[in-house]
Amino acid sequence: YSRERYTLERVRSGHPTFPDEVNENSILTEAGRRDAVVFGKGCYVGQEVIEKIDAVGRVPRELRRFVAPGKALDSVGQ
């Protein structure tokens with residue numbers, strides 16, 4: 001696969017990556033990646049925020065895929 005094809009398939013399947021969709025401005029749980037957080041690890045960057053989200057049971061915002069009707073793209077950037 002080319003890098004462009006990989007990106008297209010990744011976006012189609014809904015898998016966010018670093019730093020494209022998940023970065024220092026987002027939280028893993030906002031991207032639906034709660035499974036990537038190890039709660040038993042002890043101290044970690046963002047622990048207070050992640051623990052609060054887990055206790056409240058919802059994230060303040062969510063990364064979601066936007067689907068628009070129309071022709072499907074054959075490449076990224078069209």
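Above this text sits the structure in question.
Nothing here was measured: the structure is a model prediction, and the numbers come from that model.

Moving on: the nonpolar core. Membership of the largest hydrophobic core is limited to six residues, which are Ile-27, Val-37, Tyr-44, Ile-50, Ile-53 and Val-59. In this structure, Ile-27 is in contact with Val-49, Ile-50 and Ile-53, ignoring residues within four places of it in sequence.

For the rest of this paragraph, the subject is the side chain of Arg-10. Relative to the assigned elements, Arg-10 resides in helix 1 (residues 3–13). A distance of 2.7 Å separates a polar atom in the side chain of Arg-10 from the backbone oxygen of His-15. In this view, Arg-10 contacts His-15, Pro-16, Thr-17, Asp-20 and Glu-21; residues no more than four positions away in its chain are not counted.

One pass over the full model with this rule turns up eight salt bridges. When the shortest N-O distance is used, the salt bridge between Glu-30 and Arg-61 registers 2.9 Å. Pair noted here: Glu-30 is in the loop between helix 1 and helix 2 (47–56) and Arg-61 is in the segment after helix 2, with a separation of 31 residues, a long-range link. Note on Glu-30: relative accessible area 6%, which makes it buried. One salt bridge connects Arg-64 with Glu-62, and the closest N-O pair in it is separated by 3.2 Å. Among the residues examined, Glu-62 registers a relative accessible area of 52% and is labelled exposed.

Rules of the game
Residues numbered from 1 in each chain as written. Predicted model: local features only at pLDDT ≥ 70, side-chain atom pairs only at ≥ 80, totals over all residues. Heavy atoms only, no water. Core = buried A, V, L, I, M, F, W, Y, C linked by side-chain atoms within 4.5 Å. Buried < 20%, exposed > 50% of the residue type's maximum accessible area, 1.4 Å probe, protein only. Contact = heavy atoms within 4.5 Å. Helix = DSSP H or I, 4+ residues; strand = E, 2+ residues; numbered from the N terminus. Polar contact = N/O pair within 3.5 Å; in protein donor to acceptor, adjacent residues only side chain to side chain. Salt bridge = Lys/Arg side-chain N within 4 Å of Asp/Glu carboxyl O.

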